[in-house]
Amino acid sequence: MRLDGMRTYDDSEVVDAVVIGTGAGGAPILASLASRGLRVVALEAGANFDASKYTSDETEAVAINWMEERLSDGENPTAFGQNNSGKGVGGSTLHWGAFTPRPDARDLKLKTDSGLGEDWPIDPDELTGYIEKVEKFVGVAGPAHYPWDPTRRYDLPPVARNASSDMMIRGCEAVGITATDGPAALVTRDWHQPEHGVRPACANCGSCHQGCRSGAKVSMDTTYLPLAVAKGAEIRADSMVHGIELDASGRVSAVVYTRNGIEHRQRTKALFLCAGGVETPRLLLHTGLANSSDQVGRNYMAHGATQVWGKFPTEMRSHRGYPSSIITEDTVRPADADFAGGYLIQSLGVVPLTLSTTLARGGGLWGRDMVDMMDSYRYMAGVGINAECLPHEDNRLTLTDELDDFGIPKARISFTAHDNEDAIEKHAIRTMTSIVEAAGATSTTVLARTAHTIGTARMGTSADSAVVDADGRSFDIPNLWIADNSVFPSAVIANPALAIMALALRTADRFVAAGA
Amino acid sequence: MSAARRTVQGVPHDDRPTLFCLHALGSSAREFDALRELLADDFDVVGIDLPGFGEASAATGTSVDEMVGHVVRKIRRHGSTRFVLVGHSMGGKIASLVAARTLDGSSGLFGLAGVVLLAGSPPSPEPMGDDARAQMLSWARAGISGDGHLATADARTFIDDNVGAPLSPENDDRALSDVLRSAAEAWLAWFERGSLEDRAAEVGILDVPALIVAGGSDGPLGEAGQREHNLPMYPRATLEVLAGAGHLLPLERPDELADLIRVFWRERVGSGPFVSPGFGRVIGSGRTSSQTRAILAGRALPDDPDYTPQVLDAAQFATLRLVAERVVPQGPAPFDIAGRVDAALARGVSDGWRNAALPPDQEAYRLGLDALDDFATLDDEAKDSRIQAIVDQQYAPRAGTLTAEQMTLWFEDCRVDLTRTWLAHPATMERIGFDGFANGGDVIRIQGFTELGADRREAWEPAMPGPSARDTGASTTETTDTGITDTGITDTEKETVR
Ligand SMILES: Cc1cc2nc3c(=O)[nH]c(=O)nc-3n(C[C@H](O)[C@H](O)[C@H](O)COP(=O)(O)OP(=O)(O)OC[C@H]3O[C@@H](n4cnc5c(N)ncnc54)[C@H](O)[C@@H]3O)c2cc1C
Ligand code: SF4
C-alpha cells in the first residue's frame, strides 16, 4: 500500500499508542485511534507489499505468509505457515479466504447452554453492532435473503458461483439441507473505499489465498490501513518487536523492535498487542509480561476444518472463481448432535499444491495414488467445515530453547482434538459425504485438517482465569491491550476475522472511554 | 524425433524444438542455411534477419533495444514454446538480452530452454581494438554519405579479416553480398552505440543451459574474450573452442557446430518435460502476469544433469532420487525433483513449521535418508512396501538415525516436498489441467475467469489432455476422455441447479 507522505513520529517521542501487528486486529484499532486524533504508530514485522506484484504461483506466494518456523506437537499437530498466518502490512488478511459468516449468538453462550467451553463476556447484540459497522465500511457480498437470519442485509450482491458452488447447492438440495450464497468480504461491483480509491469488482480469479491483486477482496491494506494513514497514523513495516519495557509503576513505557538490523525503542503511553494467536502469546511469554493468571499460551484452539472431496464425471476446475461461495448454517446446532456446538459448511475450490499437501498430510497419499488423484484434479470439487473447538488448558503454546533470528525462542504448540472435536468431525464427515455423493460424485475422499490459531490470551471476567478483561485490557498491566485472535475465550464456529475486526473497534472504543 | 506437422488451436507447429538464430553484423539469416539443413531432423532452425540486414528494413530501428524488440516479435509470431536462442557475434548480445527478458517475464515469451553463443558479443561493451572500430566506422560513414551501403572493397576486407581460412566460393559470395546489402546506418548504430552499451547488469546471471563456442583463431571475441565476458554471465555454460576457426563460425564450421548443438541438446537441455504450444502461449500471454511468467520460466528450465547436492551427501542424495521415483512416478520425461528439493533445503526454504518430535529439516532429511541406505537394493515392490511401512509407523530404522515415529513424521514432510515440487512445474500444471496462473496480467483490472461452471471453458484456455493421453507423452488433444469438447456442455451441466 502507499505509505509515502504518511505522518511519521520519532522513536523518542512518547506517542499515544503503539500497535503491534497490522492484521485483522491491529488495523481497525489503528484507524479508530488515528481518526480520533491520537498519535499512533504500528510496528509490523512483515513487508509493505505492492498488491499488484502478488503472484498466483503457490510456491512463491508464501512471500505474504509467516514462514518462520514453529514447532507443532500433540496428537493433531497444527500445520502452520501457508495454512495459517500472514506477515506483512495487512497481516493474515492479505491471504485470508474472506469468508465472513457472523458469529452465532448461541456460540457466545456455549457454556451456559451446554456446560462445556466458555461464554464470551460480551453481549452478542453489542458485538453484532460492531460487526455491522465493519461490514458497512469494508464491503461484504452476500445473499439478498439470509435463511438463518431474515433481518440481515448485505450491501453487495453475492459473488459468482463456480462449479463447486453449483455442486454443493445441488447436493444440499438433494439431502434436504438449506444452502445459499455465503457472505464474502469482497466487492462484487466497483466500490469506492474512503482514503484508498476504487476497489474493482471481483474478477473471479480464484487466487484469494495468494493475495488479491485487484483489491476486490477486503484486506486491511485496502480498507482500515489507508484510513489510518490518512488520519495521521504511521505504519512501520519490517519492524519486528522483541521487547516491551515497563516503567517503575509497572506500565508499558516503550517497545523494542528491530528494523533493517538496527534495534530501536519506541516510547509510548499505551500498547496494543495484535500480533495474532501465536505471536501474541509468544511475545508475552518471552517478555514474561501479563501472565499472572498463567493463562498465556493456554487454551489454544484450532477450528476443525475437515474437507470431503468428490470426483465428478464433469470438469469442475475449481481453481476458477472465489473459492468458497456457498454456505449452510443448518449444522450450527444439528438436531442429532452428540456434542456441544456445531459447524458451518462451505463449498471449496482449491489450487493444486494446497490440495496435494492436504492429500499427503490429511489423506496419507503418496506414489501412484497421489499422482492419479492429482491427474483427476480438474474433476474434483469439495466442501469443508469450520467447526467448534473447545478450549483445553493443555492445548498450549510454550517456548522452546531454539531461538529465532531475533533471539526470541521459537514457539511450540501442542494440540490434541478431544472427544467433542472428534464427535463433531464424525458428524460433519457424514453430512459432507452425503452432500457430495448426492451431488453426483463417483468417489469421495476425506481430508482432515484444522484452521486458525485461536485463544492463547483469553478474555474473561476474572484475573485468575483470563489474560485480558472484557474490554481487551490486561488484568496485570493497565496500559496493555490485546486485540486479535488470541483473546477469543471460545472458538466460535464462524470464521474468525470478522469478529476480530469488530472486537478491535470495540477495544479501541473502550480504550478511549477509559481515558487510558 | 519426428517432424510431423499438425495443428493445435489453428497454429501450425511441429514437434521439433526451435533454434532462433541471430546473425552477426553484416550478415543475415542466410548464414544459418547450412546449419538448418544439417539439423533439420532434430530442430526447426529459424534465422531471423535483424533490422538493416538481410531482408529486414532498418526502418524498425537499429538500436540494441529495437533489435531485441524485433526478435521478440518474430519469436512470438512464430509461436514456438520450446526454443533455444542462438546468437552469432552481434546477435549474441541480442540473444542474451532476449533471454534475460524472457526469464524475467517481461518479453511475453515462454519456452526458452537454452542459449548458444557463437563468438558472441557480450552484454557488456564489446572488446574491440580501437583501430578496428575506427576502420569499420569509417566504412559505415562512407556508406551513409554514399548509397547507404558499404563499398565493395571494404566489404571484401571485412570478410577477409574475420575468417580463419578462406570460405568456400559459394559461402564467400553469400557473405559478400550480405555485407553489401546491409544498411550502413545499422553498422553505424552498432559501432557508435550498440556494441558500446553496457547491459551486463540488466542481463544479470542467466541460469540457463548454455553453449559458448569460440573460434581458436578469432580476435577479441575468441576464447579469452568469451571467458572474460560471456562465461561469467552463464554459470551453466560449457565452452567449446574450434581450433583454427575465425569469427564467422556458422559459415566456417557448420558441421562441427551442428554436432555441438545436438550434443548440447541431448545432454543438457532436452530431457525434461515441456508444455504444449497452446499451454505455453497462455503463459506468454497478457493473461499471465510478468511476475508469474518469470517464475514459471525459471521452473521450466532444464535441470543441471551434473547437479551436486548441497545439503545431502552423495549417498543420501542418490537415495532421495530413488525415493522420489516411488513417491512421484512421473512418466516419460521426468525432471530432477530430488535435486530441486535439495536446492530448496539449501536455500533454507521453510514451510513454517516442523513437528516438535523432529530435528530441523536438513538434519531430518539426512537422518531419514541414512535410515534408507539399503533402498537401492530393493526392487520396486519392496521399495513401495518399505514406504508404506514408514507411513504406517511400522518401520523400525536402524539406531543412530530416526525413530519409527520420527521416520513417519519426516516422510510426511518429504512426500509433501516432493509432490509440491512436481506440481510446481508448468508441465505438471498442464498435465493435471491447471491454468489458474493465467488469471490476470499486469493490470489492476485482472481478467480472472468468466466461465466458472462445470465443463465450461473460455476461448483463451488451452486445450487440455484427457487422462488417457497423459502417459503416452502426447501433450495436447482436442477432447478429454470424458468425451467433452472444449466448449461443449454436457447433460450434467444442464441439470445443475442455479
Ligand atoms: C489460508 C487462510 C485462510 C483464511 N480464511 C479466512 C476466512 O475465510 N475467513 C476468516 O474469517 N478468517 C480466515 N482466516 C483467518 C484470518 O485471516 C485470521 O483469523 C485473522 O487475520 C487473524 O487476525 P489477527 O489480527 O489475529 O492476526 P493477523 O491478521 O495474522 O495479524 C498479525 C500481524 O502481526 C504481525 N506480527 C506478529 N508478530 C509480530 C512482532 N513480534 N512484531 C511486529 N509484528 C508482528 C504479523 O506479521 C501480522 O501481520 C484465514 C487464515 C488463513 C491462513
Ligand atoms: S477471486 Fe476476487 S476477491 Fe479473490 S483474489 Fe480474485 S479478484 Fe480478488
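Each remark here, short or long, concerns the structure printed above.
Residues numbered from 1 in each chain as written. Chains lettered and ligands numbered in written order. Predicted model: local features only at pLDDT ≥ 70, side-chain atom pairs only at ≥ 80, totals over all residues. Heavy atoms only, no water.

S.K.: So what's going on with a positive patch on the surface? Residues and values would help.
M.R.: Residues and elements named next belong to chain B. A cluster of basic side chains, namely Arg 73, Lys 74, Arg 76 and Arg 77, defines a positive patch on the protein surface. With respect to the secondary-structure elements, Arg 76 resides in helix 2 (residues 64-78). Arg 76 gets classed as partly exposed once you look at its relative accessible area, which sits at 46%. (Patch = residues over 30% accessible without salt bridge, like charges linked within 9 Å, V, L, I, M, F, W, Y side chains within 5 Å. Areas by Shrake-Rupley, 256 points an atom, 1.4 Å probe, with all protein chains shown as cover. Salt bridge = Lys/Arg side-chain N within 4 Å of Asp/Glu carboxyl O. Lys, Arg positive; Asp, Glu negative; His and termini not counted. Charge placed at Lys NZ, Arg CZ, Asp CG, Glu CD. Helix = DSSP H or I, 4+ residues; strand = E, 2+ residues; numbered from the N terminus. Buried < 20%, exposed > 50% of the residue type's maximum accessible area, 1.4 Å probe, protein only.)

S.K.: So what about the nonpolar core? Which residues, and what values?
M.R.: Residue and element names in this part refer to chain B. The biggest cluster of nonpolar side chains holds 135 residues, and the ones touching the most others in it are Trp 187, Tyr 234, Trp 410 and Leu 418. Here the element with the most residues in this core is helix 18 (residues 404-424); it accounts for 10 residues. Once residues lying within four places of it in the same chain are set aside, the contact partners of Tyr 234 are Ser 96, Val 115, Leu 117, Leu 206, Val 208, Ala 210 and Ile 212. (Core = buried A, V, L, I, M, F, W, Y, C linked by side-chain atoms within 4.5 Å. Contact = heavy atoms within 4.5 Å.)

S.K.: Kindly report on empty space enclosed by the protein, identifying the contributing residues and their values.
M.R.: Residue and element names in this part refer to chain B. For the structure shown, the criterion picks out 8 cavities of 30 Å³ or more. Of the volumes computed, that of the largest cavity is approximately 230 Å³. Lining the largest cavity are 22 residues, and of these Ala 113, Pro 273, Phe 274, Ala 300 and Pro 302 sit closest to its centre. If you list the elements that add at least two residues to the lining of the largest cavity, you get helix 3 (90-103), strand 6 (112-118), helix 11 (254-269) and helix 13 (290-300). Residue composition of the lining of the second largest cavity, grouped by class: 9 nonpolar, 4 polar and 1 charged. (1 Å grid on protein atoms, 1.4 Å probe; cavity = no way out; pocket = protein on both sides within 12 Å on 5 of 7 lines; lining within 4 Å. Points joined across faces, edges and corners; volume = space filled by probe spheres on them. Nonpolar A, V, L, I, M, F, W, Y, C, P; charged D, E, K, R; others polar.)

S.K.: So, the site of ligand 1: which residues are in play, and what are the values?
M.R.: Residue and element names in this part refer to chain A. In the region of ligand 1, 39 residues are neighbours, and Glu 44, Ser 92, His 95, Gly 97 and Ala 497 sit closest. A distance of 3.4 Å separates an oxygen atom of ligand 1 from a polar atom in the backbone of Ala 24. For ligand 1, an oxygen atom lies 2.9 Å from a polar atom in the backbone of Asn 485. Protein chains bury 94% of the 990 Å² of accessible surface belonging to ligand 1 in isolation. (Near = heavy atom within 4 Å. Polar contact = N/O pair within 3.5 Å; in protein donor to acceptor, adjacent residues only side chain to side chain.)

S.K.: Quick one: what's the story with the interface of chain A and chain B, residue by residue and with numbers?
M.R.: Chain A puts 69 residues into the contact, and the matching count from chain B is 69 residues. Surface buried jointly by chain A and chain B totals about 5,800 Å² across both partners, of which 52% is contributed by carbon and sulfur atoms. Here chain A is connected to chain B by 11 salt bridges. Residue Asp375(A) is joined to Arg431(B) by a salt bridge in which the shortest nitrogen-to-oxygen separation is 2.8 Å. At the boundary of chain A and chain B, one finds 39 residue pairs in polar contact (both at pLDDT 80 or more). Those elements giving two or more residues to the side of chain A that touches chain B turn out to be strand 3 (70-73), helix 5 (163-175), helix 8 (352-362) and helix 9 (367-375) of chain A. A per-class count over the side of chain A that touches chain B returns 26 nonpolar, 20 polar and 23 charged. (Buried area = accessible area lost by both parts, 1.4 Å probe.)

S.K.: Quick rundown of helix 12 (residues 277-284) of chain B? Include the residues and the values.
M.R.: By the criterion of burial, helix 12 of chain B is predominantly enclosed, with 7 of the 8 residues buried. Among the residues making up helix 12 of chain B, those that are buried are Pro277(B), Gly278(B), Phe279(B), Gly280(B), Val282(B), Ile283(B) and Gly284(B).

S.K.: Residues and numbers for the site of ligand 2, please.
M.R.: Around ligand 2, a shell composed of Leu186(A), Cys202(A), Ala203(A), Cys205(A), Gly206(A), Ser207(A), Cys208(A), Cys212(A), Ser214(A) and Lys217(A) is seen. Here the residues of the shell around ligand 2 are counted per class, giving 6 nonpolar, 3 polar and 1 charged.

S.K.: Can you break down the packing of helix 14 (residues 314-327) of chain B against helix 15 (residues 337-346) of chain B residue by residue, with the values?
M.R.: Packed helices, taken two at a time, are described by the angle their axes make and the gap between the axes. All names here are of chain B. Packing of helix 14 against helix 15 leaves a shortest axis separation of 8 Å and a crossing angle of 125 degrees. The orientation of helix 14 relative to helix 15 falls into the category oblique. The hand of the helix 14/helix 15 crossing is right-handed. On helix 15, the residues touching Phe 317, Leu 320, Arg 321 and Ala 324 of helix 14 are Ala 338, Gly 339, Val 341 and Asp 342. In terms of residue class, the contact of helix 14 with helix 15 is made up of 5 nonpolar, 1 polar and 2 charged. (Axes fitted to C-alpha atoms, helices over the stretch in contact; angles between N-to-C directions. Parallel < 35°, antiparallel > 145°, perpendicular 65-115°, else oblique. Left-handed = near helix turned anticlockwise from the far one by under 90°.)

S.K.: Just give me the short version of the packing of helix 17 (residues 380-391) of chain B against helix 18 of chain B, but keep the residues and values in it.
M.R.: All names here are of chain B. Close contact between helix 17 and helix 18 brings their axes to 8 Å; oriented N to C, the two are set at 115 degrees. By the angle class used here, helix 17 and helix 18 are roughly perpendicular. Taken together, the residues of helix 18 that come into contact with helix 17 (itself represented by Ile 387, Ile 390 and Val 391) are Met 407, Thr 408, Phe 411 and Arg 415. Counted by class, the contact of helix 17 with helix 18 contains 5 nonpolar, 1 polar and 1 charged residues.

S.K.: How would you explain the sheet that holds strand 18 (residues 409-414) of chain A if you had to name every residue and give the values?
M.R.: What the 4 strands build is an open sheet, ordered 17(A)-18(A)-3(A)-9(B); its pairing is mixed. Sheet topology places strand 17 (396-403) of chain A together with strand 9 (353-355) of chain B at the edges, where each strand pairs with a single neighbour. Going across the sheet, the axis of each strand differs from the next one's by a mean of 30 degrees, ignoring polarity. For strand 3 of chain A and strand 9 of chain B, the ladder comprises 3 bridges, and the chain directions are parallel. Following the sheet pairing, Arg70(A) is matched in strand 9 of chain B by Trp353(B). (Pairing = 2+ DSSP bridges.)

S.K.: Please set out the pattern of salt bridges residue by residue, giving values where relevant.
M.R.: Inspection of the entire model under this criterion finds 73 salt bridges over all chains. A salt bridge links Asp107(A) to Arg333(A); the nearest nitrogen and oxygen atoms lie 2.8 Å apart. Residue Asp107(A) is found in helix 2 (residues 105-108), and its partner Arg333(A) is found in the loop between strand 14 (326-328) and strand 15 (343-348); the two are separated by 226 residues along the sequence. Across the pair Asp172(B) and Arg156(B) runs a salt bridge whose closest N-O atoms are separated by 2.8 Å. Of this pair, Asp172(B) sits in helix 6 (residues 169-181) while Arg156(B) sits in helix 5 (residues 152-162); the two residues are 16 residues apart in sequence, bridging distant segments of the chain. The partly exposed category is assigned to Arg156(B), whose relative accessible area is 26%. Connected through salt bridges with shared partners, the residues Glu315(A), Arg317(A), Arg378(A), Asp435(B), Arg457(B) and Glu461(B) form a single ionic network.

S.K.: Can you break down the pairing of strand 20 (residues 450-454) of chain A residue by residue, with the values?
M.R.: All names here are of chain A. Taking burial as the measure, the 5 residues of strand 20 include 4 buried ones, the bulk of the element. With 3 bridges connecting them, strand 12 (residues 301-304) and strand 20 associate as antiparallel partners. Paired with His 303 across the strands is Ala 451, a residue of strand 20.

S.K.: Give a description of unusual backbone geometry that names residues and reports values.
M.R.: Residue and element names in this part refer to chain A. Of note, Asp 238 is a non-glycine position whose phi angle comes to about 55 degrees, a positive value. With respect to the element layout, Asp 238 can be found in the loop between strand 7 (234-236) and strand 8 (239-246). What makes Asp 238 partly exposed here is its relative accessible area of 36%. The backbone phi angle of Asn 260 is positive, close to 50 degrees, even though this residue is not glycine.

S.K.: Hey, could you go over the packing of aromatic side chains for me, with residue numbers and the actual values?
M.R.: A complete count under the given rule lists 22 aromatic pairs over all chains for this structure. Aromatic side chains Trp481(A) and Phe511(A) sit 5.5 Å apart centroid to centroid with 85 degrees between the ring planes, which places their arrangement in the edge-to-face category. Taken together, the residues Trp481(A) in strand 21 (residues 480-482) and Phe511(A) in helix 11 (residues 497-513) connect sequence positions 30 residues apart. A network of ring pairs unites the aromatic residues Tyr377(A), Phe279(B), Phe434(B) and Phe437(B) as a single cluster. Sitting over the face of the ring of Phe274(B), Arg82(B) holds its NZ or CZ atom 3.6 Å from the ring centroid. (Phe/Tyr/Trp six-rings, centres within 6.5 Å; stacked < 30°, edge-to-face > 60°. Lys NZ or Arg CZ within 6 Å of the ring centre and 35° of its normal.)

S.K.: Can you explain the side chain of Thr268(A)? Please cite residues and give values.
M.R.: All names here are of chain A. Here Thr 268 shows up in the loop between strand 10 (262-267) and strand 11 (271-273). Among the polar contacts listed, one links the side chain of Thr 268 to the backbone oxygen of Ala 270, at a separation of 2.8 Å. Apart from the residues lying within four places of it in its own chain, the contact partners of Thr 268 are Val 14, Val 15, Asp 16, Ala 17, Val 18, Val 252, Ser 253, Ala 254 and Val 255.

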